[in-house]
Amino acid sequence: MSDNNVRCSCQSGESLQDNLVKNLPNTSVSDSSGSPKPEGDKDTNWYLPYMNAITEGKEVEEKKSPVALFYCAGASNVGQSTVTGCVETADILGYNRVALLCLASISAGLKNMMNGAKNARGIVAVDGCPMSCAKRTLEKAELKVDQHLIVSKDLNVPKNFRLSDSSAIKQVTNAVVQAVLSID
């Protein structure tokens, strides 16, 4: 989804990303336009290669782990909004603060994802509906969920099968950013 299509509900004309990023704590680094950006490795998804190296027993430079995001990716508007909302959250906060991790790999018992989840600063599970597949999968793997969001319940988004629900995506993005910041 293009940043140009996502507008903040404040009616200021700012993009959602610009509106959220300017209000983030710990944003002392500026880009060439003078806009604040989160410190650290914002644009590079470094966490999975890092966890792969650790899992393989390779020596790595220790880094502060980000908050892990797991989402359900269900076949409805509320499920699909979890995917896009979590990706938008990583774009807004940066990969130094958020790691998008694969829920299916937890079920499959893949060591690098399990290590990534166990070493994360916290875990946010985002589910589309009250079936809570993401949260239940993580709990079954004995992983502690620090924040849990159910889109249809917590954000009052009615479940339907219009898979590209921009309103739901905006709501999910804002809620997930806040969930991560509550841990971070």
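No experiment lies behind these values; they were computed from the predicted model shown.

Asks: Tell me about the environment of S65, and name the residues and values.
Replies: Within the element layout of this structure, S65 appears in the loop between α2 (47-55) and β3 (67-71). With 51 residues separating them in the primary sequence, S65 and G116 have C-alpha atoms 8.4 Å apart. For S65, the residues in contact, after removing those within four places along its chain, are Y47, N119, A120 and R121. A polar contact of 3.0 Å, which involves the side chain of S65, links it to the backbone oxygen of N119.

Asks: How would you explain the nonpolar core if you had to name every residue and give the values?
Replies: Counting residues in hydrophobic clusters, the biggest one holds 45 residues, and the most contacted among them are F70, L101, V126 and L138. The element contributing the most residues to this core is helix α8 (residues 166-183), with seven residues. Leave out the neighbours within four places in its chain, and L138 touches F70, L103, I106, I123, A125, L143 and V145.

Asks: Kindly report on the sheet that holds strand β4 (residues 98-100), identifying the contributing residues and their values.
Replies: Sheet architecture is open: four strands sit in the order β4-β3-β5-β6, paired in parallel fashion. Single-partner strands in this sheet number two, and they are β4 and β6 (147-150). Pairwise comparison of adjacent strand axes, ignoring direction, gives a mean angle of 20° for this sheet. Sheet analysis places strand β5 (residues 123-127) next to β6, joined by four bridges and oriented parallel. Paired with A125 across the bridge in β6 is H148.

Asks: An account of the packing of α2 against helix α5 (residues 111-119) is requested, with residue identities and associated values reported.
Replies: Their axes nearest at 9 Å, the elements α2 and α5 cross at an angle of 110°. Put simply, α2 runs roughly perpendicular to α5. Each of Y47, L48, M51, N52 and T55 in α2 lies in contact with α5, whose residues at this interface are K111, N112, M113, N115, G116 and N119. A class-by-class count of the residues in the contact of α2 with α5 yields four nonpolar, six polar and one charged.

Asks: Explain unusual backbone geometry to me, using residue names and the numbers behind them.
Replies: One non-glycine residue with positive phi stands out, namely A73, at about 60°. Tracing the sequence through the fold places A73 in the loop between β3 and α3 (77-93). For A73, a relative accessible area of 38% translates into the label partly exposed. Positioned with a positive phi, N156 is a non-glycine residue whose angle comes to about 55°. Inspection of the secondary structure puts N156 in the loop between α7 (151-154) and α8.

Asks: Help me get a handle on the state of the cysteines, residues and values and all.
Replies: By the definition in use, this model includes zero disulfides. Here C72 stays free of any disulfide, with the sulfur of C129 as its closest cysteine sulfur at 6.5 Å. With no disulfide of its own, C133 lies 6.1 Å from the sulfur of C129, the closest cysteine sulfur. Here C133 falls in the partly exposed class, since its relative accessible area comes to 40%.

Each value, and the rule that gives it
- Residues numbered from 1 in each chain as written.
- Predicted model: local features only at pLDDT ≥ 70, side-chain atom pairs only at ≥ 80, totals over all residues.
- Heavy atoms only, no water.
- Helix = DSSP H or I, 4+ residues; strand = E, 2+ residues; numbered from the N terminus.
- Contact = heavy atoms within 4.5 Å.
- Polar contact = N/O pair within 3.5 Å; in protein donor to acceptor, adjacent residues only side chain to side chain.
- Core = buried A, V, L, I, M, F, W, Y, C linked by side-chain atoms within 4.5 Å.
- Buried < 20%, exposed > 50% of the residue type's maximum accessible area, 1.4 Å probe, protein only.
- Pairing = 2+ DSSP bridges.
- Axes fitted to C-alpha atoms, helices over the stretch in contact; angles between N-to-C directions.
- Parallel < 35°, antiparallel > 145°, perpendicular 65-115°, else oblique.
- Nonpolar A, V, L, I, M, F, W, Y, C, P; charged D, E, K, R; others polar.
- Disulfide = S-S within 2.5 Å.

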